[in-house]
Structures are given as C-alpha cells and as structure tokens.
Amino acid sequence: GSVVADFEVKDMIGKGGFGQVYVASRVSSEKEKVALKYIIKRRQDRYLNIDGHSKPMLAEVAIMLRLMKAPQCPNIIRLHDWIENESDCTLILEYPESCQTLDRYITDTLDMNENKARRLMRQLVQAVRFCVERGVFHGDIHARNILVTTPRLELKLIDFGCAWPVTRMPFYSWKYQGARCYTPPEILRHPKFFPSMANIWAIGIVLYEIMHGRLPFYDRQSIMVGDLHLNPTLSSACQDLISKCLIRNPVRRILLHQVEEHQWFNATSPNAV
Ligand code: ADP
Ligand code: MG
Ligand code: MG
C-alpha cells in the first residue's frame, strides 16, 4: 500500500460519501495498527470554536478531543492524532485488535443470548454516559458505528461525525443527521427537536437488533405508528427495557439513569457464561 506520513496503508474497511477508512500500520512500530479516516472537506462541514482551541476546528475532531482528555473511557474509540490541510482531514484512530462492527457481529453470532447482550449494552450505556458527562451528544448511534472485539466482547463507540457539543444547545442546535432506522419519531417530525432523548431511542433499537437479528422499524411509517414485535421468549426484564426505550413520546421515554438502573442489567439467567 501507499505510505501516508508514518503509515503503511492497507485494506479499505469503510466507505461513504465523506471519504474512506483504511486500516494501516505505523512504519516506525510495525505491529501497531491504526484506522485512518480520510475526510474530504465540504462546504457544509461544521467547525467548532470550543474548549479554548485557538481557531475553529472540524467538529468531529473538536468533539473527539474533548472526549480524549483524561480520564478516558475504554468504550470510546481513541483519536491518536489528525492531519489536516485545506482540502481534507485524516483522523488517526485506534484500531482495536480483532474487531468487527456490531451489525456483522450480530449476523455472525448464532448463539446470541441475553448475557452477551447485557455485556455489550452495559458498555454502550457507559459510553453514552461518558459523552453526556463531557457535554457531547453522539447523534448517530447505530450498529455500524459500534465496534465489538472478539472473544472479549469489548465495545467501542465510533464516528462522531454527527455529534454535537451539548453546551451549545438549545441556543442553536444542528439538524439531527443520524441513521434513519434509528431516528426517533419526534426527530422525524421536527429535525431540530431538542435531541437528548434520541440517544435512548437508538439504544433501544440496538438492543432490539442484538436480540432479534433485525431492526424493529424500517421506514418512517413504522417508526411513527408501527407495532413493536418482541420475541416472547425474551426475559420480561429485557422486553420491558426495550419497550421503555422505544416509547414514542420523548417526554415519557425512560431516562439514561433509569436505563442504567434497570433490573435487566442485574439479571443473571440460568445459562450465564
Ligand atoms: P462515516 O462517518 O462515513 O459513517 P465511520 O467513522 O462510521 O464513517 O467509519 C466507517 C466504517 O469504517 C465503520 O462503520 C467501520 O466499519 C470502519 N471504521 C471506522 N473507524 C474504525 C476504527 N477506528 N477501527 C476499525 N474500523 C473502523
Ligand atoms: Mg459511521
Ligand atoms: Mg458519520
């Protein structure tokens, strides 16, 4: 592959309208793998002047820097560095050993159970809690923005390209731009709706997806009014948590601390690993 600065670029692991993500290794320390996220700058990109940086920074970088300050969270991907010029920006990101995106992990895991789900969801909730404490709203929680390592089942939240600094809300808020199938009804109605409860909806969609191997809703109509079909063999605690995350009225939806304290997280089933 080609060498970008100190990196030998290997396979492409992600591709979008933005640019690409490659796995690479440092030439100076052969074994250390990193992910290079190459972003082509566009006119609509957001720049932020926060946290005392001398000039406005690409929002994705500014927000990740806020999350990188010690103490760090093991469930949020690390930004090692970034290289920027007028036309593009390359993020040098942690590449966890033997990781895959959550959607692939779900597809590949034939023996999914609530204990595995609980291990993953605890870490997802911890990542979201950490973001809240740092004043960051992720804004695009979904299975392709979550990495899982095997066999240890460590979870890492990635992709802060749609994130907001909460401190700027509600004085002005950006339009929610997260993945459609994970977007709550209130945001579909009003894209500038105060979005703090959207995280919880997306957490509910992810838990549903882990336990069913598919999404509960695939279009706007079903997000708005469709029935939630839960597998009746799930524990009642699990069904309760999913249902409460997917309450359509954001004012009645379960709160993050109530998710953390929910009985499902304390349950252990007879076939616990
Ligand atoms: P986008 O903003 O276009 O969605 P992402 O940051 O989500 O870009 O990256 C796209 C894909 O690249 C991810 O879904 C994942 O498969 C892969 N990827 C991104 N960052 C990493 C990383 N640090 N380690 C491993 N894979 C990654
Ligand atoms: Mg993404
Ligand atoms: Mg993104």
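Above: the structure in question.
**Re the side chain of Arg66**
Note that Arg66 resides in helix α1 (residues 59-68). Beyond its immediate sequence surroundings of up to four residues, Arg66 is in contact with Ile50, Asp51, Arg134, Gly135, Val136, Pro165 and Thr167.

**Overview of helix α5 (residues 198-212)**
With 15 residues, α5 should reach 21 Å at 1.5 Å per residue; the first-to-last C-alpha distance of 21 Å fits that figure. Two residues or fewer past α5, Gly213 is found with a positive phi of approximately 70°.

**As for the site of ligand 1**
In the vicinity of ligand 1 lie 17 residues, with Phe18, Lys37, Glu94, Arg144 and Asp159 positioned nearest. Taking Arg144, its main chain carries an N or O atom lying 2.8 Å from an oxygen atom of ligand 1. One of the side-chain N or O atoms of Asp159 is found 2.8 Å from an oxygen atom in ligand 1. For the shell around ligand 1, the secondary-structure elements that each account for two or more residues are β2 (7-16), β4 (33-40) and β8 (88-94).

**Describing the packing of α5 against helix α7 (residues 236-245)**
Contact pair α5 / α7: the axes reach a minimum separation of 8 Å and the direction vectors enclose 140°. The angle between the axes of α5 and α7 places the two elements in the oblique class. Here α5 runs over α7; the crossing is left-handed. Judged by residue contacts, Ile200, Trp201, Gly204, Leu207, Tyr208, Met211 and His212 of α5 engage Cys238, Leu241, Ile242 and Cys245 from α7. Of the residues in the contact of α5 with α7, the class split is nine nonpolar, two polar and no charged.

**Considerations on unusual backbone geometry**
Across the junction of Ala70 and Pro71, the peptide omega takes the value -5°, indicating a cis bond. Residues Thr150 and Pro151 are joined by a peptide bond in cis, for which omega reads 0°. Note that Pro151 resides in the loop between β11 (146-149) and β12 (155-157). The backbone phi angle of Leu153 is positive, close to 55°, even though this residue is not glycine. Residue placement: Leu153 occurs in the loop between β11 and β12. Taking relative accessible area as the criterion, Leu153 reaches 5% and is therefore assigned buried. For Asp159, which is not glycine, the phi torsion reads 65° and is therefore positive. Relative to the helices and strands, Asp159 resides in the loop between β12 and β13 (164-165).

**Points about the coordination of the magnesium ion (ligand 2)**
Taken together, the protein donors to the magnesium ion (ligand 2) comprise Asn145 (OD1) and Asp159 (OD), at separations of 2.1 to 2.2 Å. In this model, the magnesium ion (ligand 2) sits 3.8 Å from the magnesium ion (ligand 3), the two metals being bridged by Asp159. With Asn145 in the loop between β10 (136-137) and β11 and Asp159 in the loop between β12 and β13, this residue pair connects regions lying 14 residues apart in the sequence. Look at Asn145 and you get buried, because its relative accessible area is 5%.

Criteria and thresholds
The written sequence of each chain sets the order in which its residues are numbered from 1. Chain letters start at A and ligand numbers start at 1, both assigned in the order the entries are written. Only residues with pLDDT of at least 70 are given local features in this predicted model, and only at 80 or more are side-chain atom pairs given and counted; all residues enter the totals for whole chains, interfaces and linings. Side-chain descriptors were evaluated using all non-hydrogen atoms of the structure, hydrogens and water having been removed beforehand. Numbering goes from the N terminus for both helices and strands, where a helix is a DSSP run of H or I of at least four residues and a strand is a run of E of at least two. Any two residues whose heavy atoms approach within 4.5 Å are treated as being in contact. One less than the residue count of a helix, multiplied by 1.5 Å, gives the span that helix is expected to have. For this description, a residue counts as near a given molecule or strand if any of its non-hydrogen atoms is within 4 Å of it. Here a polar contact is taken to be a pair of N or O atoms separated by no more than 3.5 Å, where protein atoms must pair a possible hydrogen donor with a possible acceptor and residues adjacent in sequence count only if both atoms sit in side chains. Fitted lines through C-alpha atoms serve as axes, helices being fitted only where they are in contact, and the angles separating the N-to-C directions of these axes extend from 0 to 180 degrees. These descriptions rest on fixed angle ranges, namely under 35 degrees for roughly parallel, over 145 for roughly antiparallel, 65 to 115 for roughly perpendicular, and the rest for oblique. Handedness of a crossing is defined here by the sense of rotation of the near helix relative to the far one, left-handed for an anticlockwise turn of less than a right angle and right-handed for a clockwise turn. In the scheme used here, Gly and all other residues not listed as nonpolar or charged are polar, with Ala, Val, Leu, Ile, Met, Phe, Trp, Tyr, Cys and Pro taken as nonpolar and Asp, Glu, Lys and Arg as charged. The classification of residues rests on relative accessible area computed with a 1.4 Å probe and restricted to protein chains. Under 20% of the type maximum is buried, over 50% is exposed, and intermediate values are partly exposed. Note that water is not among the atoms used; donors are N, O and S atoms within 2.8 Å of the metal (3.2 Å for Na, K and Ca), so sites may look incomplete.

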